[in-house]
Amino acid sequence: MLPMIAILVPAGLIPTYMGSRLFPKVPELHFRQLILVLLTLSGGTMLVSTMFQG
């Protein structure tokens, strides 16, 4: 259980920190487009991985 927490906590905190630092410096439209692209890539990756799981 502890090793999983040691992986999940940084995996949640690092992107949150980076996003909070990046958001004020990037125009809102570009930030939204970046998030949309990342969500699309994430969803596509999950879709492809389930298709080839068999």
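Residues numbered from 1 in each chain as written. Predicted model: local features only at pLDDT ≥ 70, side-chain atom pairs only at ≥ 80, totals over all residues. Heavy atoms only, no water.

## Digging into the overall build of the protein chain
Okay, so step 1: Each helix and strand counted, the protein chain has two helices and zero strands in total.
Okay, so step 2: Counting all 54 residues of the protein chain, 2% fall into the buried class.
Okay, so step 3: Of the accessible surface of the protein chain, which amounts to about 5000 Å², a share of 77% is contributed by carbon and sulfur atoms. (Helix = DSSP H or I, 4+ residues; strand = E, 2+ residues; numbered from the N terminus. Buried < 20%, exposed > 50% of the residue type's maximum accessible area, 1.4 Å probe, protein only. Areas by Shrake-Rupley, 256 points an atom, 1.4 Å probe, with all protein chains shown as cover.)

## Considering the pattern of salt bridges
Okay, so step 1: Across all of its chains, the model carries one salt bridge by this definition.
Okay, so step 2: Measuring nitrogen to oxygen at the nearest pair gives 2.8 Å for the salt bridge that ties Arg32 to Glu28. Taken together, the positions of Arg32 and Glu28, both in helix α2 (residues 28-51) and four residues apart, correspond to about one turn of that helix.
Okay, so step 3: What makes Arg32 exposed here is its relative accessible area of 54%.
Okay, so step 4: What makes Glu28 partly exposed here is its relative accessible area of 43%. (Salt bridge = Lys/Arg side-chain N within 4 Å of Asp/Glu carboxyl O.)

## Focus on the packing of aromatic side chains
To describe a pair of aromatic rings, one takes the distance between the centres and the angle between the planes.
Okay, so step 1: With the rule as written, the count across this model stands at one aromatic pair.
Okay, so step 2: With a centroid separation of 4.8 Å and 75° between ring planes, the pair formed by Phe23 and Phe31 is classed as edge-to-face.
Okay, so step 3: Overall, Phe23 belongs to the partly exposed group, its relative accessible area being 41%. (Phe/Tyr/Trp six-rings, centres within 6.5 Å; stacked < 30°, edge-to-face > 60°.)

## Some remarks on a nonpolar patch on the surface
Okay, so step 1: A cluster of nonpolar side chains, contributed by Leu22, Leu34, Ile35, Val37, Leu38, Leu39 and Leu41, occupies part of the molecular surface with about 620 Å² of accessible area.
Okay, so step 2: By residue number, the principal contributor to the nonpolar patch is α2, which donates six residues.
Okay, so step 3: Mapped onto the secondary structure, Leu41 falls in helix α2. (Patch = residues over 30% accessible without salt bridge, like charges linked within 9 Å, V, L, I, M, F, W, Y side chains within 5 Å.)

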